[in-house]
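Spelled out from the first residue to the last, the chains are:
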Amino acid sequence: MKKNLIIVAIWILFVCILNYLDLVTLDVNTVKEFVSKNKNYALLLFIALWIIRLLFLIPGTTLMILAGVCFSPIDAFLLSTVGIVVSESLVYVIAKSFAGNRLKKYLMNRHSELNGLLETHNYKFLALGIICPIAPADVICFLSASVGIKYFTYMITIIIASTPLRILYSYIGSSLTESTGGLVFVIGSLVFVFAVSIKIWNSLKKKQKNEMPQS
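Rules used throughout
- Residues numbered from 1 in each chain as written.
- Predicted model: local features only at pLDDT ≥ 70, side-chain atom pairs only at ≥ 80, totals over all residues.
- Heavy atoms only, no water.
- Helix = DSSP H or I, 4+ residues; strand = E, 2+ residues; numbered from the N terminus.
- Buried < 20%, exposed > 50% of the residue type's maximum accessible area, 1.4 Å probe, protein only.
- Contact = heavy atoms within 4.5 Å.
- Areas by Shrake-Rupley, 256 points an atom, 1.4 Å probe, with all protein chains shown as cover.
- Phe/Tyr/Trp six-rings, centres within 6.5 Å; stacked < 30°, edge-to-face > 60°.
- Core = buried A, V, L, I, M, F, W, Y, C linked by side-chain atoms within 4.5 Å.
- Patch = residues over 30% accessible without salt bridge, like charges linked within 9 Å, V, L, I, M, F, W, Y side chains within 5 Å.
- Salt bridge = Lys/Arg side-chain N within 4 Å of Asp/Glu carboxyl O.
- Axes fitted to C-alpha atoms, helices over the stretch in contact; angles between N-to-C directions.
- Parallel < 35°, antiparallel > 145°, perpendicular 65-115°, else oblique.
- Left-handed = near helix turned anticlockwise from the far one by under 90°.
- Nonpolar A, V, L, I, M, F, W, Y, C, P; charged D, E, K, R; others polar.
- Polar contact = N/O pair within 3.5 Å; in protein donor to acceptor, adjacent residues only side chain to side chain.

## Some thoughts on the overall build of the chain
On a plain count of helices and strands, the chain comes out with twelve helices and zero strands. Scanning the chain from its N terminus toward the C terminus, one meets helices and strands in the order α-α-α-α-α-α-α-α-α-α-α-α. Every one of the 215 residues in the chain was classed for burial, and the buried ones make up 35%. Looking at the chain alone, contacts between residues at least 24 apart form 72% of all its contacts between residues at least 6 apart. Within the structure as shown, the chain displays about 12,900 Å² of accessible surface, and the carbon and sulfur contribution to it stands at 69%.

So, in structure tokens, the structure goes:
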């Protein structure tokens, strides 16, 4: 959790520096104007970001929010769907490769409890990992593929589990400019989903810890 916060803090600092140097803008209207004038280019760039994010440990949630701000709700939902399918498919392929076996050993040493939970609860824990904001989603996807889940089950689970978040994030942009009530509803819904998922996440981890043999 602390490492995730450090990564987020580093990226926020990096973006602020770029904004200070006028290399990027944080003005929503400017970004939307650029997207409207260069829609095809922006669509391809956004999909590319979903691939690049894996290299720089950028959470997928960040890009879902960005899509909701920059695009129409329907475009944002579709782009986030394509993005998550592409990026998590790459995670699956890597997990099945020789390099993936070496990476699995490393991740199992660092997240041994996650591997145990995946072996016990399989796709249910994968779904929870996608929704829960404190869960390392990409790590869980990687380990899920490593323990032998079939690609179809893996991808369908991810798509279904992420659908509520993709819908809510897709309406963030329009809620910011069109309806205060809509924005409150979106944020309230996200808080509710996150609170429930965190409670279940902590409950499962505690249960798994209690079931582990004591040395």
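The rest of the description comes next.
## Brief notes about the packing of aromatic side chains
The description of two aromatic rings rests on the distance between their centres and on the angle between their planes. Counted by the stated rule, this structure contains four aromatic pairs. For the pair Phe46 and Phe71, a centre-to-centre distance of 5.7 Å together with 70 degrees between the ring planes defines the contact as edge-to-face. Here Phe71 lies in the loop between helix H4 (60-70) and helix H5 (73-96) and Phe46 lies in helix H3 (residues 39-56), a separation of 25 residues in the sequence. Note on Phe46: relative accessible area 3%, which makes it buried. A relative accessible area of 10% means that Phe71 is categorised as buried. Centre to centre, the rings of Tyr151 and Tyr154 are 6.3 Å apart; their planes meet at 35 degrees, and the pair counts as tilted. Residue Tyr151 and its partner Tyr154 are located together in helix H10 (residues 151-170), separated by three residues, close to a single helical turn. Here Tyr154 falls in the buried class, since its relative accessible area comes to 0%. Pairwise contacts between aromatic rings join Tyr92, Tyr151 and Tyr154 into one cluster.

## Quick notes on the nonpolar core
Taken as a class, soluble globular proteins show a tendency for nonpolar side chains to be buried jointly. Ranked by size, the top nonpolar core spans 45 residues in total, and within it Phe71, Phe125, Leu126, Ile140, Tyr154 and Trp201 carry the most contacts. Those elements that provide at least two residues to this core are H3, H4, H5, helix H7 (112-121), helix H8 (123-131), helix H9 (137-146), H10 and helix H12 (180-211). Of all the elements, H10 adds the most residues to this core, at seven residues.

## Comments concerning a nonpolar patch on the surface
A surface patch of nonpolar side chains, amounting to about 660 Å² of accessible area, comprises Tyr41, Leu45, Leu49, Ile52, Leu55, Phe56 and Leu66. It is H3 that provides the largest number of residues to the nonpolar patch, a total of six residues. Looking at the element boundaries, Ile52 is found in helix H3.

## Concerning the packing of H8 against H9
Two elements in contact, H8 and H9, have axes separated by 8 Å at closest approach and are oriented at 160 degrees. Here H9 runs roughly antiparallel to H8, going by the angle between their axes. In the packing of H8 onto H9, the handedness of the crossing is left-handed. Touching Phe125, Leu126, Gly129 and Ile130 of H8 are Ala137, Ile140, Cys141 and Ser144, all from H9. Its residues assigned to classes, the contact of H8 with H9 comprises six nonpolar, two polar and no charged.

## What about the pattern of salt bridges?
Close approach of charged atoms allows side chains of opposite charge to pair. Scanning all chains against the criterion turns up two salt bridges. A salt bridge links Asp138 to Arg53; its shortest N-O distance comes to 2.8 Å. Linking Asp138 in helix H9 with Arg53 in helix H3, this pair joins segments that are 85 residues apart in sequence. Taking relative accessible area as the criterion, Asp138 reaches 25% and is therefore assigned partly exposed.

## Considering the environment of Asp138
Sequence separation of Asp138 and Ile58 is 80 residues, and the distance between their C-alpha atoms is 10.0 Å. Asp138 has contacts with Arg53, Leu54, Glu88 and Val91, leaving out every residue within four places of it along the chain. Within the local environment of Asp138, its side chain forms a polar contact with the side chain of Arg53, the two groups lying 2.8 Å apart.

This is a description of form; function is not addressed.
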